[in-house]
Amino acid sequence: AGAGETFLDKKRIALAGLAMLVAVEHVHAATQLQIDTARTKAAAWLITQQKGDGNWTSGQGADISVTAQVTAGLLAAGVKGFPVNNAGAWLGNVDAQSVDALARQIRTKVVPFANLSAQHDKLLTWKTYPTRSVWGSYPQYGTSFSDTGLAILATVPFTYGTQSSELGNAVYCSILPAQTAAGGWPHIPATMTATVPSSASSGAVLPTTMTVLALNAVRAKFGWD
């Protein structure tokens, strides 16, 4: 500040700076109308990308997972009617080959219930261990924390006789002990009989995210600590 600058001058400068900050913040803050418009445009664009038989494709052979995720997005955007119903019919009749695809298929909740129940029964037979709710990328495959988290999210809404014990075995014997010292979960657990690459056994974003979501879903259902 200059030597002749008064307290009033300093106050004016501070208020002017505050006004500029507020103006900049106002420029960058989206209005509710802008958010609603963006959501509507996105939903409309997704509908134009839907194939005639009801699915969406990434062009890389993951059509079930992509279709399930797009359908969930449309439902979140408030879309109802033919696009969602068409996707549900397609998802209810397609045969998933991976845990990711089957779990997402179940989680969309747009598949007719008879098909949904049968798909859930299939998911249970795909566990890595019969008495533990952990899954790999494919049926009875080695454990993957991304796939386990996604499958747990798909199975928690259901209720069956051995659910509590199988999820308890998974949480306390497989999932929590595998958390790294830094706090994350790896793609796959380290084992005593095989060498796991550090890129797969160190904490990673996707398996950690899916695991946290799964643990939260289990806690909400059973009240475990």
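Look a little higher up for the structure.
Overview of the structure. (Residues numbered from 1 in each chain as written. Predicted model: local features only at pLDDT ≥ 70, side-chain atom pairs only at ≥ 80, totals over all residues. Heavy atoms only, no water.)

A few points about the packing of aromatic side chains
Stage number 1. Scanning all chains against the criterion turns up three aromatic pairs.
Stage number 2. Look at Y138 and Y141: their rings are 5.6 Å apart centre to centre, the planes differ by 80°, and that puts the pair in the edge-to-face class.
Stage number 3. Of the residues examined, Y138 reaches a relative accessible area of 44% and is grouped as partly exposed.
Stage number 4. Exposure remark for Y141: the relative accessible area of 47% places this residue in the partly exposed category.
Stage number 5. Arranged with centres 6.0 Å apart and planes meeting at 50°, the rings of Y172 and W224 form a pair that is tilted. (Phe/Tyr/Trp six-rings, centres within 6.5 Å; stacked < 30°, edge-to-face > 60°. Buried < 20%, exposed > 50% of the residue type's maximum accessible area, 1.4 Å probe, protein only.)

Considering the nonpolar core
Stage number 1. Within the largest apolar cluster, 37 residues are counted, with the highest numbers of intra-cluster contacts made by I106, L123, W135, I152 and V218.
Stage number 2. Within the residue set of this core, elements represented by two or more residues are α3 (63-76), α4 (82-93), α5 (99-107), α6 (113-125), α7 (145-155), α8 (163-175) and α10 (205-222).
Stage number 3. Among the elements that make up this core, the one with the highest residue count is α7 (six residues).
Stage number 4. With residues up to four places along the chain from it excluded, the contact list for I152 reads S133, W135, L167, I175, A214 and V218. (Core = buried A, V, L, I, M, F, W, Y, C linked by side-chain atoms within 4.5 Å. Helix = DSSP H or I, 4+ residues; strand = E, 2+ residues; numbered from the N terminus. Contact = heavy atoms within 4.5 Å.)

Some points on α8
In an α-helix, one full turn covers 3.6 residues, which means residues spaced three or four apart are oriented alike.
Stage number 1. Listed in full, the buried residues belonging to α8 are Q163, E166, L167, G168, A170, V171, S174 and I175.
Stage number 2. Residues of α8 that are buried sit in contact with α7 and α10.

Side note on the pattern of salt bridges
Stage number 1. Here the structure, examined in full by the defined rule, presents four salt bridges.
Stage number 2. The partner of R39 in a salt bridge is D36, and the shortest N-O contact between them spans 3.0 Å. Pair noted here: R39 and D36 are both in helix α2 (residues 32-49), with a separation of three residues, about one helical turn.
Stage number 3. Residue classification places D36 among the partly exposed residues on the basis of a relative accessible area of 30%. (Salt bridge = Lys/Arg side-chain N within 4 Å of Asp/Glu carboxyl O.)

Observations regarding the environment of S174
Stage number 1. On the secondary structure map, S174 appears in helix α8.
Stage number 2. Expressed as a C-alpha distance, the spacing of S174 and S133, which sit 41 residues apart in the sequence, is 9.1 Å.
Stage number 3. Among all residues touching S174, those that are not within four sequence positions of it are R132, V134, F145 and N169.
Stage number 4. Only 2.9 Å separates the side chain of S174 from the side chain of R132, close enough to count as a polar contact. (Polar contact = N/O pair within 3.5 Å; in protein donor to acceptor, adjacent residues only side chain to side chain.)

Describing the side chain of Q163
Stage number 1. Take Q163: it is sitting in helix α8.
Stage number 2. According to the relative accessible area criterion, Q163 is buried, its value standing at 2%.
Stage number 3. If we ignore the near neighbours within four places in the chain, the residues touching Q163 are T155, V156, F158, K221 and F222.

Some points on unusual backbone geometry
Stage number 1. A positive phi angle, close to 60°, is found at K109, a residue other than glycine.
Stage number 2. Turning to its location among the elements, K109 is positioned in the loop between α5 and α6.
Stage number 3. In this structure K109 comes out as exposed when scored by relative accessible area, which is 62%.
Stage number 4. Notably, Q140 is not glycine yet its phi reads approximately 50°, a positive angle.
Stage number 5. Along the polypeptide, Q140 turns up in the loop between α6 and α7.

Let's talk about the environment of T128
Stage number 1. Tracing the chain through its elements places T128 in the loop between α6 and α7.
Stage number 2. When its relative accessible area of 16% is taken as the criterion, T128 is described as buried.
Stage number 3. For the pair T128 and T143, spaced 15 residues apart in sequence, the C-alpha to C-alpha distance is 6.4 Å.
Stage number 4. Dropping the residues within four chain positions of it, T128 is found in contact with V134, W135, G136, Q140, Y141, G142 and T143.
Stage number 5. A polar atom in the side chain of T128 sits 2.8 Å from the backbone oxygen of Y141.

Such coordinate-based values are descriptive only and should not be taken to indicate function.
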